[in-house]
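# Remarks on the overall topology
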Amino acid sequence: MNLPDNLPSVLVVDDEVRSQEAMRRTLDEDFMVFTASDADAARLCMERNPISVILCDQRMPGLTGVLFLKEVRERWPDTVRIVISGYTDSEDIIAGINEAGIYQYILKPWVPDHLLATVRNAVEAQNLQRDTNRLHLELRTSTPVLRQRTQAKLSKARSVFDFDRIERAPGSPLDAVCEVAMRVARYDLSVLVLGESGTGKELLARAVHYASPRAAGAFVVENCAAMPDTLLESELFGHKRGAFTGAYEDHPGLFQRAHGGTVFLDEIGETSPAFQVRLLRVLQEGEVRPVGAAHPVPVDVRVVAATHRDLEQRVREGLFREDLYYRIAGITITVPPLRERAGDIAPIARRLVREVGAELGRPDASLSDEALACLMGYPWPGNIRELRNEIARAIAISDSDAIAAQSLSSRVLHGQAGLASAAASTHGSALPRTGTLSERLDAIEAMVLRETLLRHRWNKTRSATELGLSRVGLRGKMARFGLEG
Ligand SMILES: Nc1ncnc2c1ncn2[C@@H]1O[C@H](COP(=O)(O)OP(=O)(O)OP(=O)(O)O)[C@@H](O)[C@H]1O
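The sections below set out a description of the structure shown in this document.

Rules used in this analysis
Residues numbered from 1 in each chain as written. Predicted model: local features only at pLDDT ≥ 70, side-chain atom pairs only at ≥ 80, totals over all residues. Pairing = 2+ DSSP bridges. Helix = DSSP H or I, 4+ residues; strand = E, 2+ residues; numbered from the N terminus. Axes fitted to C-alpha atoms, helices over the stretch in contact; angles between N-to-C directions. Contact = placed C-beta atoms within 7 Å. Expected span 1.5 Å × (residues − 1). Buried ≥ 20, exposed ≤ 12 C-beta atoms within 10 Å, placed from the backbone. Arc of directions from axis to C-beta. Near = placed C-beta within 6 Å. Nonpolar A, V, L, I, M, F, W, Y, C, P; charged D, E, K, R; others polar. Domains from an automatic or database assignment.

### Section: the sheet that holds strand E1 (residues 9-13)
On the basis of which strands lie adjacent, the open sheet formed by five strands has the order E2-E1-E3-E4-E5 and parallel pairing. Every interior strand has two partners, whereas the edge strands, strand E2 (32-36) and strand E5 (104-107), have only one. Neighbouring strand axes in the sheet, compared pairwise and without regard to direction, differ in orientation by 20° on average. For E1 and strand E3 (residues 53-57), the ladder comprises four bridges, and the chain directions are parallel. Residue pairing for E3: valine 10 is matched across the bridge by valine 53. Across the sheet, helix H3 (residues 65-75) lies against E3 and strand E4 (80-85), angled at about 175° from E4, the strand it touches most.

### What about helix H7 (residues 173-185)?
For H7, with 13 residues, the first-to-last C-alpha span of 19 Å sits near the 18 Å given by 1.5 Å per residue. Those residues of H7 that sit buried are Pro173, Leu174, Val177, Cys178, Ala181 and Ala185. For H7, the angular spread of buried residues about the axis comes to 125°, placing them on one side. Across H7 from its buried face, at more than 90 degrees, point the exposed residues Glu179 and Arg183. Looking at the buried side of H7, the elements it contacts are helix H8 (201-210), strand E14 (331-334) and helix H18 (437-455).

### A closer look at the sheet that holds strand E6 (residues 191-194)
The parallel open sheet is built from five strands, whose spatial order is E7-E10-E13-E6-E14. A single partner strand is all that each edge strand has here, and the edge strands are strand E7 (219-223) and E14. Each adjacent strand pair in this sheet contributes to an overall mean axis angle of 20°, direction not counted. Relative to E14, E6 runs parallel, the two being bridged by four bridges. The partner of leucine 192 across the bridge, within E14, is threonine 332.

### Some thoughts on the site of the ligand
Of all residues adjacent to the ligand, which total 19 residues, the nearest are Glu167, Gly200, Lys201, Glu202 and Ile384. Counting only elements with at least two residues in the shell around the ligand, the list comes to H8, helix H14 (345-359) and helix H16 (383-397). Per-class residue counts for the shell around the ligand are five nonpolar, six polar and eight charged. Counting residues domain by domain, the shell around the ligand receives three or more from each of domain 2 (162-334) and domain 3 (339-480).

Printed below as a string of structure tokens:
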């Protein structure tokens, strides 16, 4: 068959020849399909051909699909990664989704139309990202009229990342956080975002970037905890060809790629003192020296950093340089944990069901009242990331679109009792520890309402009677705290 050269290419990695062939037949008309039976063959194929999408079976000889896709993410970050798995693998996959940056996972037995639609969407998402990058470039180089048109297209593309994307209940403590972030966005100050893991620090940093005059520049992310010093340095500041074994070509660092934009340094609290010295120099001098380069390169970036650590405490302990702390902490913003803004759980959960449902090919997924009640009764130590994983798991194992409480993990189901006792105890970890008195009282009120509604299985008459409220009064409070079932 004669295939046009410009068809996007897909690599299918599966040790069963029959599955390979079934996928080839499904995708053949729209894509240039390559197949591989194991990781070695897949690596070889990717070294020789530019691959747009990789579809990888979770069960592979020697290693899991998720582990292999983690490697693919590091070596070929632009390739969209999809994993195919049996029902029983779903826990492993959910655990690995973030690390391997998996676009979607498809449950076996897969349906040809769904597989085809997923791969088409993946290619579209990749094209959209490329378009956005191209628009950024055009914006920097074009005439004023063209620039205006490009700006309009770009603002459409980036509306996905603005402050509205940060879901919250009316009156949530996050309102004040977003308000401050929105105000500081327009000034070229460094921002330090503090908060527990999974609270939405990166989402906030993104919103700051896209609300800033640097929005037309790139927003690049580096997780400083993920790699040793030398690699981190070469990632951020770049390297010259031959600077070390394996440096086959010049590599511009993330600071250069973010020139005119924003660098988000996640987990900055984990960096070593030696690296902190180098970073401080870059920030003071406004230039980077790629590893092995003779001359420094000027860079103009805004730094937004984040950490789940108490950075001031680390400064006092001598683990974090004080001078770097003052450089990066122009403005400090703290994102409260989900348990201190329990009213946000319902709106966030609803958005996540829409988002994750669409990703998993289950766009009609929704939460039953009982499931929502359980989600609201759990303290979420892993915050919104844990909530997202829980929702992905529930959608994956639920047969029907309306997710029942039984599809939730047992720890979330049992969280109901945990919340009731936490609410009753003055030492309960669910008691809010930050905010003004009225904010804390609001949080406690929301907690008591939720716990009562849970016990009465969302029966408003019985809950209102117990709390000495009218039904209308209870409804008003439920709406205020986003407790609508
Ligand atoms: N208010 C929110 N509304 C909707 N989605 C949210 C909200 N906050 C966080 N999320 C989602 O939760 C997940 C975790 O958020 P994010 O990565 O921003 O957290 P983080 O604090 O940077 O985590 P970590 O410290 O582990 O890097 C992401 O998928 C993000 O889109």
